[in-house]
Amino acid sequence: MEKECWGRIRSELLSSIGKDAFTNWIDPLELLEAGGRVALFSVPTSFIGNWVSRNYGESIIGMLNAEGLKVDRLDFHTVSAPKTAAPETAEAERTVAAAPAPVVDLPGSPLDSRFTFDSFVVGKPNELAHAAARRVAEGGQVTFNPLFLYGGVGLGKTHLMHAIAWETQAMRPEARVLYLSAEQFMYRFVQALRFKDMHSFKEQFRSVDVLMVDDVQFIAGKNSTQDEFFHTFNALVDQGKQIVISADRAPGEIEGLEERIRSRLQWGLVVDLHPTDYELRLGILQSKAETQLKSMPDVQMDAGVLEFLAHRISSNVRVLEGALTRLFAFASLVGREINLDMTQECLADILRASERKVTVEEIMRQVADHYHLRMSDLLSPRRARAVARPRQVAMFLSKMLTSKSLPEIGRRFGGRDHTTVIHAVKKVEELKMTDNQIAEDVEILRRMLEA
Ligand code: ADP
Ligand code: MG
């Protein structure tokens, strides 16, 4: 009789609060008993119980009374979701075939085998994000939940999440790790709704130990998906499971995200990946070039090329990688050494797109200032060391920081020949190795010019 009453109340609630809210909050409830003025429900998480009590408590009590049950209080008994493996689905988009067992039966996105902690280069802009990701991968007590990683495109958010997945699988093979894009989360959710399979959807998501959802900004404005996400999120947090979220901006800046989700996301540790700096770009290039050279041992590469790229290409690591890949492909196809000229030719489009607006004149002015000379000294024919060396430094920087051709640079420096510029660039490259003072001068000047 109580069950029948509850059945009728459910239908009433469905039409009064709408399908989404119903699926989120009412559907998970089961009425256990309603005697002694208390109606006892079982709920999958205490969070749902609290939510229902706060938002629908009075209506439910009213409806129960209208059904003739004398109830003035609701009580919720938490039964955690069964931890058994979720049933296999026949769907595609599985984890890569080589992945160890734990991930295979979860509805995740494939993991890229290159995205590991080993291949992640750490520098100032990403050291905190890296440290937090490492901590999560170590497991143990969950200290911050969720870990929220945010930053612009191509700064390594996805790489870090995959690294957490790989590392967790390696360290704790029994742990159930689920990584997926927010888009895929939505897709799964919509499928489950369509095929009336919410139960196994919920079970799958609630049985994981580590849940990672990438690019969560995607579900902003998609209300029922947000609700379900919020739900899953709460269920896992209640069980002390780790959650890792990424987005392209801070939680507070994602428009169309419900306030309760926003604030919940901020509960944990929010870390941003800053745009890369020169040192990090160089480090990443060195590491990627090493990998490339292993598979193409015949390719020769000039020392200054990586520095040049680190100077000239924007902060997006993906663009940096693309440039390097193209260089190596080109070099191995036409059998040419990778040097500055070849690089400029081969990457003209990329270099133009990320051109910094440093002019040869600015470079001359800064260099003249730095060495206590006048601009006219740099243009003059004087060949005394005290003038010639700074002039070479200025030519070197012009080659590095602008896209002017060698003849053009020569012309700007008092109508010199392009071979003079080539000589200057070579000379400064050598001196940077052997002469600390020059190395330091070049570094200071570069920083000032790029600031
Ligand atoms: P995001 O998800 O932030 O847009 P990704 O994680 O997809 O960026 O990174 C873009 C590319 O740059 C990937 O190929 C990734 O391996 C590489 N990458 C980004 N940061 C680093 C880093 N610190 N070290 C090595 N590779 C990196
Ligand atoms: Mg990404």
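Going by the structure above, here's the rest.
Small disclaimer: the values here were computed from a predicted structure and weren't measured.

Caption draft 1: Structural detail: the overall build of the protein chain. When its secondary structure is counted, the protein chain shows 21 helices and eight strands. Taking 2.2 N^0.38 as the reference for a compact globule, 451 residues should give roughly 22 Å; the C-alpha atoms of the protein chain span a radius of gyration of 30 Å, well beyond that estimate. Referenced to the eigenvectors of the C-alpha coordinate spread, the extents of the protein chain come out at roughly 105 × 45 × 35 Å. A burial count over the protein chain gives 50% of its 451 residues as buried. Within the protein chain, residue pairs in contact and separated by at least 24 positions form 73% of the contacts whose partners lie at least 6 positions apart. For the protein chain, the accessible surface area stands at approximately 21,100 Å², while carbon and sulfur atoms represent 52% of it. A distance of 5 Å separates the average location of the 55 positive side-chain charges in the protein chain from that of its 61 negative side-chain charges.

Caption draft 2: Spotlight on the pairing of strand β6 (residues 210-214). Counting buried positions along β6 yields five of five residues, so the element is predominantly enclosed. Neither face of β6 is exposed, since V210, M212 and D214 on one face and L211 and V213 on the opposite face are all buried. Sheet analysis places β6 next to strand β7 (residues 242-247), joined by four bridges and oriented parallel. By the bridge assignment, M212 is partnered in β7 with V244.

Caption draft 3: Quick look at helix α20 (residues 418-434). A rise of 1.5 Å per residue sets the reference length of α20, with its 17 residues, at 24 Å; its end C-alpha atoms lie 25 Å apart and thus fit the reference within 8%. All of the buried residues along α20 are V421, A424, V425, V428 and L431. For α20, the arc enclosing every buried residue in end-on projection is 135°, short of the 170-degree limit, so these residues lie on one face. The exposed residues of α20 that point more than 90 degrees off its buried face are K426, M433 and T434. Contact partners of the buried residues in α20: α14 (340-346), α18 (385-401), α19 (406-412) and α21 (436-450).

Caption draft 4: Representation of the packing of aromatic side chains in the model. Counted according to the given criterion, the structure contains nine aromatic pairs. Here the aromatic rings of F185 and F229 are separated by 5.8 Å at their centres, their planes lie at 85°, and the arrangement is edge-to-face. A residue pair is termed long-range when its members are at least 10 positions apart, and F185 in helix α7 (residues 182-194) and F229 in helix α9 (residues 223-238) qualify at 44 residues. The same class applies to F185 and to F229, which are both buried.

Caption draft 5: View of the packing of helix α5 (residues 127-138) against helix α6 (residues 157-171). With their axes 9 Å apart at the nearest point, α5 and α6 run at an angle of 25° to one another. Classed by the angle they form, the pair α5 and α6 counts as roughly parallel. Note on packing geometry: the crossing formed by α5 with α6 is right-handed. Here A129, H130, A133, R134, V136 and A137 of α5 come into contact with α6, specifically with L160, I164, E167 and T168. Its residues assigned to classes, the contact of α5 with α6 comprises six nonpolar, two polar and two charged.

Caption draft 6: Quick peek at the site of ligand 1. Residues in contact with ligand 1 amount to 18 residues; listed here are only the nearest, V121, G154, T158, H159 and E321. Residue N126 places a side-chain N or O atom 3.3 Å away from a nitrogen atom belonging to ligand 1. With the chains in place, 94% of the 560 Å² that ligand 1 exposes on its own is no longer accessible. Of all the secondary-structure elements, those providing two or more residues to the shell around ligand 1 are α6, α11 (278-295) and α13 (317-334).

The rules behind these values
- Residues numbered from 1 in each chain as written.
- Chains lettered and ligands numbered in written order.
- Predicted model: local features only at pLDDT ≥ 70, side-chain atom pairs only at ≥ 80, totals over all residues.
- Heavy atoms only, no water.
- Helix = DSSP H or I, 4+ residues; strand = E, 2+ residues; numbered from the N terminus.
- Rg over C-alpha atoms; globule rule 2.2 N^0.38 Å.
- Buried < 20%, exposed > 50% of the residue type's maximum accessible area, 1.4 Å probe, protein only.
- Contact = heavy atoms within 4.5 Å.
- Areas by Shrake-Rupley, 256 points an atom, 1.4 Å probe, with all protein chains shown as cover.
- Lys, Arg positive; Asp, Glu negative; His and termini not counted.
- Charge placed at Lys NZ, Arg CZ, Asp CG, Glu CD.
- Pairing = 2+ DSSP bridges.
- Expected span 1.5 Å × (residues − 1).
- Arc of directions from axis to C-beta.
- Phe/Tyr/Trp six-rings, centres within 6.5 Å; stacked < 30°, edge-to-face > 60°.
- Axes fitted to C-alpha atoms, helices over the stretch in contact; angles between N-to-C directions.
- Parallel < 35°, antiparallel > 145°, perpendicular 65-115°, else oblique.
- Left-handed = near helix turned anticlockwise from the far one by under 90°.
- Nonpolar A, V, L, I, M, F, W, Y, C, P; charged D, E, K, R; others polar.
- Near = heavy atom within 4 Å.
- Polar contact = N/O pair within 3.5 Å; in protein donor to acceptor, adjacent residues only side chain to side chain.

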